[in-house]
Amino acid sequence: MEQLRKKVGEEVFSRLQGRLSAHDPRTSDNVIIGRTHRGTVVEVNRYVAFADLIIGVGECMPHPCAGFGGGCKIIMPGVCSYRSVADHHFTWMRHRNSKVNFLDGNSFYEEIVDAGRIARLSFKLDLIMNEKKEVIRAFAGDPVKEHRDASKFATSLYLVPLQNLADVTITSAFPLEIGVQATKALAMAAFCTRSGGAIIWVAPKKKQGRSCR
């Protein structure tokens, strides 16, 4: 609950106390609501499954498999069960079209959109943040349309044309340094490093209660 308090702020936390909940992907209370057109099971938080109106709030930034974060990712993996996330990720994250800055024909992304539609995500607010964690642009509306608009704007900020792929790439996992999230920096580095090149990946490793590099 302390994480929720920090997330929403003291005023909102106090006003909505008892009505806020954190999603548990492993609980047996999650509800199967359908399958994507490729067969991925969509099993979601019971509050989402039975809600009359579903609104999402998130951030849009480059993503190594989904093309861009934001959009319907608030549903998949956001409020899906562990087995749904595993089914989706293990099937599609290694597909050759599952890559950054790529939406059309990206099976990983298209499955996420399917899950969002099946879950009846009605409205989405996606924010573009700067390095100071300040909001510099906001996109809202239909979850798919606003996300495409947000992705185009994110491309204008983050896309760096390369004349040649690098022989050596140095990448840091910061700020996504928790667990498997740290591998996103490694995946992104692979897109700009030539075959046979080297990637120096800086990420924390917990050992005996401490982090080392």
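Up top you'll find the structure we're talking about.
Residues numbered from 1 in each chain as written. Predicted model: local features only at pLDDT ≥ 70, side-chain atom pairs only at ≥ 80, totals over all residues. Heavy atoms only, no water.

Attention shifts here to empty space enclosed by the protein. Under the definition given, this model contains one cavity of 30 Å³ or more. By volume, the largest cavity amounts to about 50 Å³. Per-class residue counts for the lining of the largest cavity are eight nonpolar, three polar and one charged. (1 Å grid on protein atoms, 1.4 Å probe; cavity = no way out; pocket = protein on both sides within 12 Å on 5 of 7 lines; lining within 4 Å. Points joined across faces, edges and corners; volume = space filled by probe spheres on them. Nonpolar A, V, L, I, M, F, W, Y, C, P; charged D, E, K, R; others polar.)

This paragraph deals with the nonpolar core. The biggest cluster of nonpolar side chains holds 30 residues, and the ones touching the most others in it are Val44, Ile75 and Ile128. Of all the elements in the fold, those that place two or more residues in this core are β2 (41–44), α3 (46–49), α4 (82–92), α5 (107–118), β6 (121–129) and α6 (143–158). Sorting elements by how many residues they give to this core places α5 first, with five residues. Leaving out residues up to four positions away in the same chain, Val44 has contacts with Asn30, Val31, Ile33, Ala49, Ile75, Val79 and Cys80. (Core = buried A, V, L, I, M, F, W, Y, C linked by side-chain atoms within 4.5 Å. Buried < 20%, exposed > 50% of the residue type's maximum accessible area, 1.4 Å probe, protein only. Helix = DSSP H or I, 4+ residues; strand = E, 2+ residues; numbered from the N terminus. Contact = heavy atoms within 4.5 Å.)

In this model, the second largest pocket occupies a volume close to 230 Å³. Along its surface, the second largest pocket is lined by His23, Pro25, Pro77, Gly78, Cys80, Tyr82, Val85, Ala86, His89 and Phe90. By residue class, the composition of the lining of the second largest pocket is seven nonpolar, three polar and no charged.

For the rest of this paragraph, the subject is the packing of aromatic side chains. Under the counting rule described, the total for this entry stands at one aromatic pair. Ring geometry for Phe139 and Phe153: centres 6.0 Å apart, planes at 50 degrees, overall tilted. With Phe139 in strand β7 (residues 135–141) and Phe153 in helix α6, this pair connects stretches of sequence that are 14 residues apart. Exposure class is identical for Phe139 and Phe153. Each is buried. The residue whose ring lies beneath Lys99 is Phe102, and the NZ or CZ to ring-centre distance is 5.1 Å. (Phe/Tyr/Trp six-rings, centres within 6.5 Å; stacked < 30°, edge-to-face > 60°. Lys NZ or Arg CZ within 6 Å of the ring centre and 35° of its normal.)

Between its first and last C-alpha atoms α6 spans 22 Å; for 16 residues at 1.5 Å apiece the expected length is 22 Å, and the two agree. Here α6 has its buried residues at Pro143, Val144, Glu146, His147, Ala150, Ser151, Phe153 and Ala154. Where α6 is buried, its residues contact β5 (67–68), α5, β6 and β7. (Expected span 1.5 Å × (residues − 1).)

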